[in-house]
Amino acid sequence: MTEPAARRPERYTPPEGVEARKISPQLDVHTGLPSSWCPGCGHGSVSQILCDLVTELDLAEKTILALGVGCGSTIAAQMEVNTVLSPHGRASDTATGVSRMAPDRIVVQYSGDGDACGIGLAGLMHACNRRENFIVVIYNNNAYGMTGGQMGPTTTKEVPTTTFQGGRDEEVMGYPMDIIKTLEHFPGVVYAGRCALTSGVRYREASRMIRRAFEIHLAGIKGMKVIDCLGNCNVNWKGGGVTFTPESSNQFIEDQIMKYFQMGEATVPEGYPPIRVR
Ligand SMILES: Cc1ncc(C[n+]2csc(CCOP(=O)(O)OP(=O)(O)O)c2C)c(N)n1
Ligand code: SF4
Ligand SMILES: [Mg+2]
């Protein structure tokens, strides 16, 4: 690995008039580079959670990210860990290969909902069926964010997308896919659950769940650990005159999107106390 200090830039200075505050003491794994994410996007929250966790558990040398294609792929610029970038929808297959070849490493797939639940669904399901041994964190913003906010398999009825501006037409497009329900019945899935990135309280819940996935993995429990994180795509959710801010998009997740998706842990190995979510 490159020496962390060699790539780290000078401390980030926010543009004039913008107040910025460091929310985490951890800079060992975080590169400190400015991110490409839109203000208020939850991809930044996931990257901070992973940076903190990998630093606290001293896993920088052991963690390998397997990334799909989507807005989340640029997490590679935020985290000073080894990373493999896959074609769109192939992150589960990449994670399979890497985790089999390097069983002493902690392989973490980070994918969007389009990447994991659309084009990559077969790969993810087969990885679960084979009881592969890696962690999957899905950033579920109910849309194909990177390509402009098209409807995807997880998109719920009320979300205005650029392809269904009035929201999902279930008569035409079917129903939003619950990836945790889809995967939890596989015996190869040893930990599964859903969190959200809509507030400070939710951020802590998400941190605990992702940490739990790492703890289970480090305890040597072989199998897939899958976490679906609900987050916004505040710039691309729009249509029919509806637009969002970061705040209103997070509230929208709480009010509308959570109606469709059960929050909290769905599958937990014996002996682990439950993580409570609101
Ligand atoms: C094989 C292939 N098909 C389509 C694309 C175009 N593409 C790039 S990112 C993306 C969608 C990403 O959506 P998601 O995985 O939900 O991530 P998000 O950007 O929303 O976080 C698509 C369709 C591609 N790069 N490769
Ligand atoms: S386009 Fe959407 S998912 Fe991508 S960075 Fe912006 S808000 Fe986040
Ligand atoms: Mg998405």
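Please refer to the structure higher up on the page.
Description of the structure in this document.

Rules and cut-offs
Residues numbered from 1 in each chain as written. Chains lettered and ligands numbered in written order. Predicted model: local features only at pLDDT ≥ 70, side-chain atom pairs only at ≥ 80, totals over all residues. Helix = DSSP H or I, 4+ residues; strand = E, 2+ residues; numbered from the N terminus. Rg over C-alpha atoms; globule rule 2.2 N^0.38 Å. Contact = placed C-beta atoms within 7 Å. Near = placed C-beta within 6 Å. Nonpolar A, V, L, I, M, F, W, Y, C, P; charged D, E, K, R; others polar. Pairing = 2+ DSSP bridges. Axes fitted to C-alpha atoms, helices over the stretch in contact; angles between N-to-C directions. Buried ≥ 20, exposed ≤ 12 C-beta atoms within 10 Å, placed from the backbone. Arc of directions from axis to C-beta. Right-handed = clockwise from strand over helix to strand, strands pointing away. Parallel < 35°, antiparallel > 145°, perpendicular 65-115°, else oblique. Left-handed = near helix turned anticlockwise from the far one by under 90°.

## Description of the overall build of the chain
Scanning the chain for helices and strands turns up nine helices and seven strands. Compactness check: the chain gives a C-alpha radius of gyration of 18 Å against a globular reference of 19 Å for 278 residues, within 12% of the reference. Considering only C-alpha atoms, the chain reaches an extent of 50 × 50 × 35 Å along its principal axes. Across the chain, contacts joining residues at least 24 apart in sequence account for 69% of those joining residues at least 6 apart.

## Some words on the site of ligand 1
Taken together, 19 residues lie near ligand 1, and G70, H88, G112, G114 and G145 sit nearest. When residues of the shell around ligand 1 are assigned to their parent elements, the largest contribution, three residues, is made by helix α4 (residues 113-119). Among the residues forming the shell around ligand 1, the class breakdown is eight nonpolar, nine polar and two charged.

## Brief notes about the sheet that holds strand β1 (residues 63-67)
Reading across from one edge, β2-β1-β3-β4-β6-β5-β7 is the order of the seven strands in this open sheet, with mixed pairing throughout. The sheet terminates laterally at β2 (82-85) and β7 (264-267), the two strands that pair on one side only. Going across the sheet, the axis of each strand differs from the next one's by a mean of 20 degrees, ignoring polarity. Direction of pairing for strand β4 (residues 135-140) relative to strand β6 (residues 224-230): parallel, over a ladder of six bridges. Bridge pairing in β6 places V136 opposite V226.

## With respect to the environment of R276
Looking at where R276 falls in the secondary structure, it is placed in the segment after β7. Judged by C-beta crowding, with 9 C-beta atoms within 10 Å, R276 ranks as exposed. For the pair R276 and G239, spaced 37 residues apart in sequence, the C-alpha to C-alpha distance is 35 Å.

## Examining helix α9 (residues 246-255)
When α9 is considered as a whole, its buried residues turn out to be S249, N250, F252 and I253. For α9, the arc enclosing every buried residue in end-on projection is 155 degrees, short of the 170-degree limit, so these residues lie on one face. Residues of α9 that are buried sit in contact with β5 (189-196) and β6.

## Focus: the pairing of β5
The buried count for β5 comes to eight of eight residues, which makes it a mostly enclosed element. With helix α8 (residues 200-218) bridging β5 and its parallel neighbour β6, the resulting β-α-β unit is right-handed. In terms of strand pairing, β5 meets β7 through three bridges, oriented antiparallel. Bridged to R194 within β7 is G264.

## What about the site of ligand 2?
In the region of ligand 2, the neighbouring residues are W37, C38, C41, H43, C71, N141, G145, M146, C233, N234, V235 and N236. A breakdown of the residues in the shell around ligand 2 according to their chemical character gives seven nonpolar, five polar and no charged.

## Details of the packing of helix α3 (residues 91-101) against helix α5 (residues 121-129)
Packing of α3 against α5 leaves a shortest axis separation of 7 Å and a crossing angle of 35 degrees. For the pair formed by α3 and α5, the contact residues are S92, D93 and T96 on the first element and G123, L124 and A127 on the second. Per-class residue counts for the contact of α3 with α5 are two nonpolar, three polar and one charged.

## Structural notes on the packing of helix α2 (residues 43-56) against α8
Closest axis-to-axis distance for the α2/α8 pair is 10 Å, and the angle between their directions is 50 degrees. Viewed along their axes, α2 and α8 adopt a mutual orientation that is oblique. Every pair of crossing elements has a handedness; the one defined by α2 and α8 is right-handed. On the side of α2, the interface is formed by S45, I49 and L53, while α8 contributes Y203, A206, S207, I210, R211 and F214. Here the residues of the contact of α2 with α8 are counted per class, giving six nonpolar, two polar and one charged.

Everything listed here is a matter of coordinates, which is why it stays silent on function.
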